[in-house]
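A structural walkthrough
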Amino acid sequence: MSMSDSDSSSHGGDQKTFRQISRDRLLYEMLRSTKVKDSKSTWKVLIMDKITVKVMSYSCKMADITEEGVSLVEDLYKRRQPLPSMDAIYFIQPTKENVVRFLADMSGRSPLYRKAFVFFSSPVNKELVTLIKKDASVLPRIGALSEMNLEYFAIDSQGFVTDHEKALEELFGENAEGSHKYNACLNTMAIRVATVLASLREFPNVRYRAAKSSLDVSMLTTLRDLVPTKLAAAVWNYLAKYKATIPDFPQRETCELLIVDRSIDQIAPIIHEWTYDAMCHDLLNMDGNKYTHEVPSKTGSTTEKKEVLLEDHDPIWLELRDAHIADASERLHEKMTNFITKNKAAQIHHSSRDGGELSTRDLQKMVQALPQYSEQIDKLSLHVEETVPVRNTLDNNHISVALLVYFSIAGKINRVIREQGLREVGQLEQDLVFGDAGTKELINFLRTKQDVSRENKLRLMMIYASIYPEKFEGEKGSKLMELAQLSSDDMIAVNNMRYLGGSDTKKASGSGFSLKFDISKKKHAVRKERNSEETWQLSRFYPLIEELIEKLSNGNLPKDEYPCMNDPCPTFHGTSQNTSVRTTHAQPVQAHSVRSRPTATWARPRNSDDGYSSDSILRHSSSDLRKMGQRIFIFIIGGATRSELRVVHRLTSKLNREIILGSSSLDDPPQFITKLKLMSAQELSLDDLQI
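What you see is a predicted model; the values in this text were computed from it and never measured. (Residues numbered from 1 in each chain as written. Predicted model: local features only at pLDDT ≥ 70, side-chain atom pairs only at ≥ 80, totals over all residues. Heavy atoms only, no water.)

1. Brief notes about unusual backbone geometry
- Phi angles above zero are rare outside glycine, and Arg201 is one such case at about 55°.
- Within the secondary structure layout, Arg201 lies in the loop between helix H7 (180–199) and strand S8 (204–208).
- Among the residues examined, Arg201 registers a relative accessible area of 3% and is labelled buried.
- The phi angle at Asp248 is positive, at roughly 65°, despite the residue not being glycine. (Helix = DSSP H or I, 4+ residues; strand = E, 2+ residues; numbered from the N terminus. Buried < 20%, exposed > 50% of the residue type's maximum accessible area, 1.4 Å probe, protein only.)

Structural data, given as structure tokens:
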């Protein structure tokens, strides 16, 4: 498939999702393009470096690669067996080290492979091309030399990261100014963001969060304040090159790109997010999407470790991931008990319990009674917890091994919530954010809830510090930390939270999304209540990018706070032609006054805009994509959260525009806290992070 075959810009045609396009380009445009009819070699070797192997693994499975004629995947930097009868595909970064290794493989009288097809993940400079051309023995053996411009990591159908785990430290840390890592980090980040747009054949209006000093001349400009501006300029430069070099690259704006940094919303990475996906990663010690736990062996005398992958190819996971944990538990209960009710073998087994409440161990035994599941019994026994009761309700007729896994995980999450008292912690967090609680309530909580874990108390203090930065000046902060029984190490995270938000300047930015507020106000609310019908308990919180995206889509994003990198043009800056850039169906966001907190229960269903609750995105078939408006990209420097990923899933349906979230990394609360400490504590290492 050529680039034009996978054209997916916002100018009509069948659109594919972001992740589908990434996968198709790797499999078809790269791997399949190397198939030559008169080639004597049917199978090929795929050679990658440490970055491109991650790019590939996030978008494709090994079975996909094998189906395209790859029989062996090799590491560019490991010693490899010569296979002179086979062709090789090199998917590598355009670095001098990589090119030198490639030339060593293919030069001389005895090359490792018969022919080489070389694909660079990002633009290659002229010096490296000249270096390749100088080797006369290599040139006849090159079957292709091409720029894929695909150097990002597709972590979700609507999300990607640039793999800059140290972005907070290198761009916002105490030692960022004057560091060569500052420019290196920004440059690589810009390259990878630009390759996303190149892959999707999109040319955006590049908007960014302006430096605070541009809004208030009395404020000093710092390098960390200029990070979004610098990244926007670098991305713009690469896009300008793409316009001139990539055939059929759009010459006019086709989408929106908004670049911000983590300081726009410091609370989202810290607060407890109550959706199934977020709680899995926050509470269950997961490794990426891999959940590992110990289960009894078949004999019962020992335990063994087993792994479960939570991935978006599973429709059950897609349905549950953005659902409130109580909603997810309800759905799983219904699916499980419906299966039992409609299955004769399970009913016979159930009758012996005299209609009593079912545990998941009972469910396991019922499934074991079914011949069609006999080959899956081992898998079932690995993941079923005994502590979750099942209600006898009917709704769905679907069950699988994966369903039992998700059900048991939900049971474990609910148990952790009870054991750690997270409902009370979560209630205070959200009351602080919405201005319904303040210093008095926090102090009372710390004094009366001595059994709350250190991490949860630290997260409370960090939220409080974001709302009331002045409370941590001088000895005030030390007294609060002492009351919470937190260490000086924890104080580093709190102080760096304030530092990231710019509290050292003691000035507000004037932005509607700033975390600074007039301390003369009686109520410190950093979120406005948003109109909704019935909600689940503890579901009031929303990341601020939700407001930003809606305002961007509606054309209401302030131009002074979020300027455009593109040359000024009438179609962008709000004349009668601005509908050429934005969809016209979206309605303006209504201004909401702060209202009293709605009464909510743990088990009240949440009604979304379309009535399908949290899995509404599943209602969109691929054919619906062609009806969508222009894409919106939002890139967060310094790490994104799962709550923000949830927002782009939901708003894609609400705004009828595919929204893609990018970031330097995807962080769960423990990771983000450690990274905050790294901003000033050089003795810590990212090895401490569970990523």
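So that's the structure; there's more coming.
2. Focus: helix H21 (residues 488–500)
- Here H21 contains 13 residues, and its C-alpha end-to-end distance of 18 Å stays within 8% of the 18 Å for a straight helix at 1.5 Å per residue.
- Against helix H6 (167–172), helix H19 (454–467), helix H20 (475–483) and helix H24 (669–678) lie the buried residues of H21. (Expected span 1.5 Å × (residues − 1). Contact = heavy atoms within 4.5 Å.)

3. Some details on the side chain of His164
- Checked against the element boundaries, His164 lands in the loop between strand S7 (159–161) and H6.
- A residue is classified by how much of its surface remains accessible, and His164, at 10% relative accessible area, is buried.
- If near-sequence neighbours (up to four positions away) are discounted, His164 is found in contact with Cys185, Thr188, Met189, Arg192, Ser664 and Ser665.

4. Structural notes on the nonpolar core
- The biggest cluster of nonpolar side chains holds 126 residues, and the ones touching the most others in it are Phe91, Leu171, Ile259 and Ile549.
- The biggest single contributor to this core is H7, with eleven residues.
- If we ignore the near neighbours within four places in the chain, the residues touching Leu171 are Ala176, Tyr182, Cys185, Leu186, Met189, Arg224, Val227 and Ile637.
- Core analysis: the next-biggest nonpolar cluster, separate from the first, contains 30 residues, Leu284, Val405, Ile417 and Leu422 among them. (Core = buried A, V, L, I, M, F, W, Y, C linked by side-chain atoms within 4.5 Å.)

5. Quick look at the environment of Glu202
- With respect to the secondary-structure elements, Glu202 resides in the loop between H7 and S8.
- Sequence separation of Glu202 and Cys255 is 53 residues, and the distance between their C-alpha atoms is 6.6 Å.

6. Examining the environment of Ile155
- Residue placement: Ile155 occurs in strand S6 (residues 153–156).
- Take Ile155: its relative accessible area is 18%, and that puts it in the buried class.

7. A short note on the pairing of strand S1 (residues 44–48)
- Of all five residues in S1, five are buried, a share of seventy percent or more.
- Pairing between S1 and strand S3 (residues 87–92): five bridges, direction parallel. Bridged to Met48 within S3 is Phe91.
- In terms of strand pairing, S1 meets strand S2 (residues 70–75) through five bridges, oriented parallel. Bridge pairing in S2 links Leu46 to Val73. (Pairing = 2+ DSSP bridges.)

8. Describing the packing of helix H17 (residues 422–433) against helix H18 (residues 439–448)
- Axis separation between H17 and H18 bottoms out at 11 Å; the angle between their running directions is 160°. Comparing the axis directions of H17 and H18 gives the class roughly antiparallel. For H17 against H18, the interelement crossing comes out left-handed. Along the contact surface, H17 presents Glu424, Val425 and Leu428, while H18 presents Glu441, Leu442 and Phe445.
- Taken together, the residues of the contact of H17 with H18 sort by class into four nonpolar, no polar and two charged. (Axes fitted to C-alpha atoms, helices over the stretch in contact; angles between N-to-C directions. Parallel < 35°, antiparallel > 145°, perpendicular 65-115°, else oblique. Left-handed = near helix turned anticlockwise from the far one by under 90°. Nonpolar A, V, L, I, M, F, W, Y, C, P; charged D, E, K, R; others polar.)

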